[in-house]
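One-letter residues, chain by chain:
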Amino acid sequence: QYAHLLKENNIKGSMSKKATPNDNVVIESFFASLKKNAFRKIYKTKKDAIKDIEFYIFFYNNYRIQLKTGLTLIELRQAALAE
């Protein structure tokens, strides 16, 4: 059913090969952070939830400093492009 739903909506599923859990570690980390920081309330409307999620994604990319690098994701990407 899951695979059919994905195909029906033209979505490519992300499935790791057996014994390779690191394939999705970046997105899993993002979603854990999103759940912990953005969903601290019950939303009255879907529009309100989307607004907060969009704000959090903007914050996550532009202002959240990674402890490991001391840079935001945007700064990290810009530095990689400059090399």
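Use the structure listed above.
Owing to the predicted nature of the structure, the values given are computational and were not obtained by experimental measurement.

## Details of the layout of surface pockets
Thought 1: What the largest pocket holds in volume is close to 150 Å³.
Thought 2: Lining the largest pocket, in full, are Val25, Val26, Ile27, Ser29, Phe30, Tyr60, Gln66 and Leu73.
Thought 3: When grouped by side-chain class, the residues that make up the lining of the largest pocket number six nonpolar, two polar and no charged.

## Brief notes about the packing of aromatic side chains
Thought 1: Counted under the stated rule, the structure contains six aromatic pairs.
Thought 2: For the ring pair tyrosine 56 and phenylalanine 59, a centre distance of 5.9 Å and an interplane angle of 40° mean the geometry is tilted. Highlighted residues: tyrosine 56 and phenylalanine 59, both in helix H3 (residues 46-62), separated by three residues, approximately one helical turn.
Thought 3: We classify phenylalanine 59 as partly exposed; its relative accessible area is 31%.
Thought 4: Grouped by ring-pair contacts, the aromatic residues Phe30, Phe31, Tyr56, Phe59 and Tyr60 constitute a single cluster.

Calculation notes
- Residues numbered from 1 in each chain as written.
- Predicted model: local features only at pLDDT ≥ 70, side-chain atom pairs only at ≥ 80, totals over all residues.
- Heavy atoms only, no water.
- 1 Å grid on protein atoms, 1.4 Å probe; cavity = no way out; pocket = protein on both sides within 12 Å on 5 of 7 lines; lining within 4 Å.
- Points joined across faces, edges and corners; volume = space filled by probe spheres on them.
- Nonpolar A, V, L, I, M, F, W, Y, C, P; charged D, E, K, R; others polar.
- Phe/Tyr/Trp six-rings, centres within 6.5 Å; stacked < 30°, edge-to-face > 60°.
- Helix = DSSP H or I, 4+ residues; strand = E, 2+ residues; numbered from the N terminus.
- Buried < 20%, exposed > 50% of the residue type's maximum accessible area, 1.4 Å probe, protein only.

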